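Observations on the three-dimensional arrangement
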Amino acid sequence: MKPTLLIIAYCLLILSATAQINKSQFISYRPVRLSENEKQDLKKLIQQYSARYDDKEKMVTTKINGYNYHTDAEVGIYHEVRASLAYAVALLDLDDEKYTQRAFEIIEKTITLQDTNKFSPTCGIWPYYLEEPLATKKSPPDFNWADFNGVSLLDILLDHEAVIPKSLKPKIEQSLICAARSIQKRNIGPGYTNIAIMGTYVTYVTAHLLDIPDLKTYAQQRLKTFYNYTLEKGGFSEYNSPNYTPLALDELARMKRHITNSEAKPMIDSLYAIGWNIIAHHFHQPTGQWAGPHSRSYSSLIKSNFYGLLKQASNGKIDLGYNEQSIDKKVKHEIPSYLLPYFLTPKYPRTEVDLFEKSEPVIKGTTYLTDTYTLASASRSSLWNQRRPFIAYWGTIAKPSYLQVRFLHDSYDFSSASFYSQQKENNILAGINFILNGGDKHISIDQIKTGKFKAKDLRLRFEFGNYLNPENLTIPNHIYDPLKITIDHLQFNLQLFYAGFENMKGHWEKGGDNKSSWIDYVVYSGQDKEFDLKTMKEAVLGFTFSIGTSKDLFLETKPEFTVKDNILDTNWNGFNLKIFTRPSSFAKNL
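Now for a description of the structure that goes with this document.

Basis of the calculations
- Residues numbered from 1 in each chain as written.
- Predicted model: local features only at pLDDT ≥ 70, side-chain atom pairs only at ≥ 80, totals over all residues.
- Heavy atoms only, no water.
- Salt bridge = Lys/Arg side-chain N within 4 Å of Asp/Glu carboxyl O.
- Buried < 20%, exposed > 50% of the residue type's maximum accessible area, 1.4 Å probe, protein only.
- Helix = DSSP H or I, 4+ residues; strand = E, 2+ residues; numbered from the N terminus.
- Pairing = 2+ DSSP bridges.
- Phe/Tyr/Trp six-rings, centres within 6.5 Å; stacked < 30°, edge-to-face > 60°.

On to the pattern of salt bridges. Counted under the stated rule, the structure contains 28 salt bridges. Here Asp211 makes a salt bridge to Lys216, at a shortest N to O gap of 2.7 Å. Take Asp211: its relative accessible area is 49%, and that puts it in the partly exposed class. Accessibility expressed as a relative area gives 25% for Lys216, which makes it partly exposed. The closest approach of N and O atoms between Lys233 and Glu357, which form a salt bridge, is 2.9 Å. Of this pair, Lys233 sits in helix α8 (residues 213-233) while Glu357 sits in strand β6 (residues 350-357); the two residues are 124 residues apart in sequence, bridging distant segments of the chain. Glu357 sits in the buried class, given a relative accessible area of 16%. Each of Asp93, Asp155, Glu251, Arg254 and Lys330 takes part in salt bridges that share partners, so that together they form one network.

What follows is about the pairing of strand β18 (residues 507-512). Bridge count between β18 and strand β19 (residues 516-532): six bridges; the pairing is antiparallel. Bridge assignment links Gly511 to a residue of β19, and that residue is Trp518. Counting the residues between successive antiparallel strands, the hairpin from β18 to β19 contains three residues.

Okay, the packing of aromatic side chains next. How two aromatic rings sit relative to each other is set out by the distance from centre to centre and by the angle between their planes. Considering all chains together, one arrives at 35 aromatic pairs under this definition. On the numbers, 4.9 Å between centres and 65° between planes, the contact of Trp394 with Phe492 is edge-to-face. Of this pair, Trp394 sits in strand β10 (residues 390-395) while Phe492 is found in strand β17 (residues 490-501), placing the two residues 98 residues apart along the sequence. Across the pair, exposure class does not vary: Trp394 and Phe492 are buried alike. Between Phe407 and Phe414, the ring centres sit 6.4 Å apart and the planes meet at 40°, which makes this aromatic pair tilted.

Shown next, in the form of structure tokens:
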């Protein structure tokens, strides 16, 4: 070889080695090593995916039956993008050669569904389904798919690089770049907790894996911004979320596993501890439930895999009799030791007070925990179906029950309904009014811009979840009569003291199904009727609530209130609550 060529080859070797050293200072590859028990659990998951797998399309199918924010699909069988990638990751994690070819075929297929047109507003993201291309769908695209699917692609690249076919690897890398650029362009703020963390992980690791200088700078600054924002707030904006706090912890655990940079690691470790602190302070040992109030939750009762998470993260110390664990066996958790007493030897009764939003108007969370029940409320929130601003739990780990306050528009939670409260221990003074330019089923996607909406039914619901005895519930004889109900040796005191809704006279009903029982104050029920929030002179409800055993203090005096200048001003045993009686402009932080 000529001397010049030798020099060039040597320089290229040095540059390559330097790049590898620089890469190792920021990220690390971690081959997957699962125990035999973990592999057996993973095989069960793979069997579930395999039963839904369509070999012709190389994708996992799902059956849809109902409304979803980001899709036009309502009924039928569809091929899922995200589930298909998750299936591919699981197949590779099992480390069995007979599964790898299927995994690679799935990856090849799903990558082709990504929008890669740099002039397209959805460049870098995927549709939910094969049958619903981004170019033709009517519902809003979900830009979070760049984050979620980007995580799956990084799992593949970081954990299985050695077995990826040479022809597939550059396709995965290019897909990751597209996803990362979409995340960078969108530049979601630190208030959207789970996506802020997930997007930071995808951009940070992609930038260092593939040596993209401007993306490195962006990702590092994004991590600092989220860290400083969270410290200033004292917690996550998506506060006390049974769905998204564990998801945030998963992504932070991935960061702890793969990001080795000395500047980033202390921030990641601190954020991880904050997440566990939120869970610990709201864990209710007698019921095994995650006490409220919840900013975002898809179910009012906790899923059993949460107990598997606690068992794994406590090294077996917290054993609630459930072994179901997270889908991703690679993600390992550890509860900080100083938080274990909240799970193992909690002190009751106690009150947890959280300032979720410090800037005006503030959001304060109050959680009262006893050895029998827990009651929680947010000082202000919406009644969107993902919010739980009023939630009580009682019962046992094997059979927990809950009470949730909802406002329903044609049997679906009405996002334009707003909730306000004050709480001390087992007593709550609450009010509900309505906002202008809010949403119907979602807080922002389907805004009621004109103020007008049609309804066949509007009602305030007190839902007794996982309690299937509606015949044991009673309703008031008159609208404003106080109500006392006894369930499982607990007393529930409820009084609706004000109900003004366009001079309509409501009534009480009770009912139930195979999941819950309820007491409803029916505002309107009849023919499809148009309502106009902008012209309504009054739309407001107020009630008091107490829960407890014979040992608890019940505040049974009637509330005193005045209505003046469009304000309902209520006093009750030291509580004072003022809320608008007419629909008003959208208040931030709801």
